[in-house]
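Fold and contact review
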Amino acid sequence: MIRSKFPSTLKHVKPILSTERTRFALHVQQRSVSSTRGVLNASSHWLKYALGWSLFGSFGTYTYLKYTTPNKRVVVIKDGPTPTSQLENDSTPSGLLSKTAVDKRLRNNETAFSFPGKKHISQIEINQLASNDPIEDHHQEVISEDQKYFLLGVFDGHSGPQCSNRLSRELLPRLKDSLFPLLRAKATEEKVNEAIDKTFVQLDEEIVKGALEKMVQDPEKAVARYLPEALSGSCALVACLDTENGEIHVACTGDSRALLGRRSASGTFEAVPLSIDQTAKNEKERQRMLQEHPGEEETVLVRNRILGSLAPTRALGDSRYKWDIKVQALIQSTLLPNVRGPPRNYLSPPYVTAKPEIMHHQIAEGDEFLVLATDGLWDELTNDEVVNYVGEYLSHHQSSSSSGPQIGEDSSVKDSNVATHLIRSALGGKDENRVAKLLTIPAPYSRRFRDDITVTVVFLK
């Protein structure tokens with residue numbers, strides 16, 4: 001059993017007096033106006049909208065609002081991992097983004113790191129594409145000074161970006177402090193796994209229980225920062241690459257996914273999973289949930305979701321599935337009246353754990369690359385498709401080096417960054433019209449057709 005009850009903190013929360021409520025209501029209103037000023041400013045333009053044209057494609061018919069001013073629309077682009085609104089004029093007469101604008105959107109967040117001459121690693125290529133505004137995906141990379149140890153993380157947020165944002169700031173630095181000394185000391189796999197497990201769970205407790213403690217210590221800051229981090233949630237996928245010993249440790253909490261691309265003697269690629277999605281579709285997870293919540297067989301998993309609502313069975317944050325029901329009622333009645341309460345049939349929390357599933361892999365002959373990605377990629381592509389697209393990318397680059405550049409209009413590979421190539425492929429690849437349609441649909445409507453996507457690819461040779 002891996003469940004552990006969060007101790008009730010209701011008695012510590014009660015000192016929040018009714019005299020505070022007015023001040024908090026005012027603070028929340030002021031914060032709401034401040035944080036949404038850009039949206040409010042943009043709303044005057046939305047008044048100019050009229051029902052526009054429809055997008056037709058394999059995903060059906062979609063009608064949305066379009067500026068009456070021709071060839072202008074607001075595009076949300078991240079500054080680093082966090083997009084900001086900017087005005088773009090690169091649309092075609094039909095209203096779709098032009099090829100130039102499509103490429104710009106797809107390549108905006110590309111990042112690459114090279115490690116020439118290093119054993120078991122040569123290149124890291126990263127990209128992400130927003131569908132939500134703001135994006136709820138985040139990523140981080142931490143490398144030891146001697147470049148022997150690498151930590152790579154992708155964090156898929158839900159119900160807001162706050163939890164995933166905190167994970168992208170704190171989880172890998174903590175893992176660096178706990179893991180790198182163990183790797184240098186050649187500690188056992190059991191000790192490495194214990195350190196990873198403890199780091200994940202401890203950070204989650206600080207997010208979920210710490211928010212309640214902050215309500216007493218600093219209520220204003222709790223409303224502004226700590227409660228949103230606890231109420232939102234995030235999956236976490238972390239790979240630790242030990243280049244000195246040729247080992248990969250992958251820790252997964254949630255439904256982001258890691259896989260290895262292995263080249264066979266014939267030159268084809270095989271997908272080697274290094275994580276298993278933690279959802280109710282995973283029979284092992286389904287059985288765990290049923291065992292941990294006896295008597296709730298009819299309600300704990302409904303439509304393959306926890307209590308009919310949350311898809312991943314493991315996540316950090318998501319206090320709505322962890323806090324005592326009385327604590328949630330108190331928060332709703334005093335500080336955040338608009339926050340969602342617990343789901344129906346909320347009988348035996350916590351329903352969600354932050355404990356990761358950990359896999360170890362010894363790098364072998366033929367292992368060429370590692371892919372980490374949030375579920376926005378896996379919703380569109382299978383494991384085999386992903387390794388084949390990376391193989392396609394490698395083939396084109398190898399031929400480019402021998403016979404001149406082949407990336408461009410006449411090539412199936414249009415991007416120099418492999419993460420971008422995977423994202424483009426997930427949106428339609430060679431079907432440029434479909435890619436343009438999906439990228440033209442603005443947030444929040446785009447979320448009906450695609451999720452945020454974050455991809456990290458590590459070339460091991």
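About the thresholds
Residues numbered from 1 in each chain as written. Predicted model: local features only at pLDDT ≥ 70, side-chain atom pairs only at ≥ 80, totals over all residues. Heavy atoms only, no water. Phe/Tyr/Trp six-rings, centres within 6.5 Å; stacked < 30°, edge-to-face > 60°. Helix = DSSP H or I, 4+ residues; strand = E, 2+ residues; numbered from the N terminus. Buried < 20%, exposed > 50% of the residue type's maximum accessible area, 1.4 Å probe, protein only. Pairing = 2+ DSSP bridges. Core = buried A, V, L, I, M, F, W, Y, C linked by side-chain atoms within 4.5 Å. Contact = heavy atoms within 4.5 Å.

An unreviewed UniProt entry annotates the protein as Protein serine/threonine phosphatase 2C of Basidiobolus meristosporus CBS 931.73.

1. A few points about the packing of aromatic side chains
Under the definition given, this model contains five aromatic pairs. Look at F269 and F369: their rings are 5.4 Å apart centre to centre, the planes differ by 50 degrees, and that puts the pair in the tilted class. Taken together, the residues F269 in strand β12 (residues 269-273) and F369 in strand β17 (residues 367-373) connect sequence positions 100 residues apart. Assessed through its relative accessible area of 13%, F269 is described here as buried. Aromatic side chains Y393 and F459 sit 6.3 Å apart centroid to centroid with 15 degrees between the ring planes, which places their arrangement in the stacked category.

2. Observations regarding the pairing of strand β18 (residues 453-459)
Buried residues dominate β18, accounting for seven of its seven residues. Burial along β18 is two-sided: I453, V455, V457 and F459 and T454, T456 and V458, pointing in opposite directions, are all buried. Judged from the seven bridges that link them, strand β6 (residues 123-129) and β18 form a sheet pairing that is antiparallel. What sits directly across from I126, in β18, is T456. Note that β17 and β18 share five bridges and pair antiparallel. Opposite L370, over in β18, you have V458 as the bridge partner.

3. As for the nonpolar core
Residues L151, L175, L179, F200, L227 and W323 are the most contacted members of the largest nonpolar core, which totals 38 residues. Contributions of two or more residues to this core are made by β8 (149-158), α5 (162-184), α6 (189-217), α7 (219-231), β9 (233-242) and α9 (325-334). With ten residues, α6 is the single largest residue contributor to this core. Setting aside its immediate chain neighbours within four residues, L151 contacts Q140, E141, V142, L172, L175, K176, L179, F180, V238, A239 and C240. Formed by 37 residues, the second largest nonpolar core is a distinct cluster that contains A271, V371, V390 and Y393.

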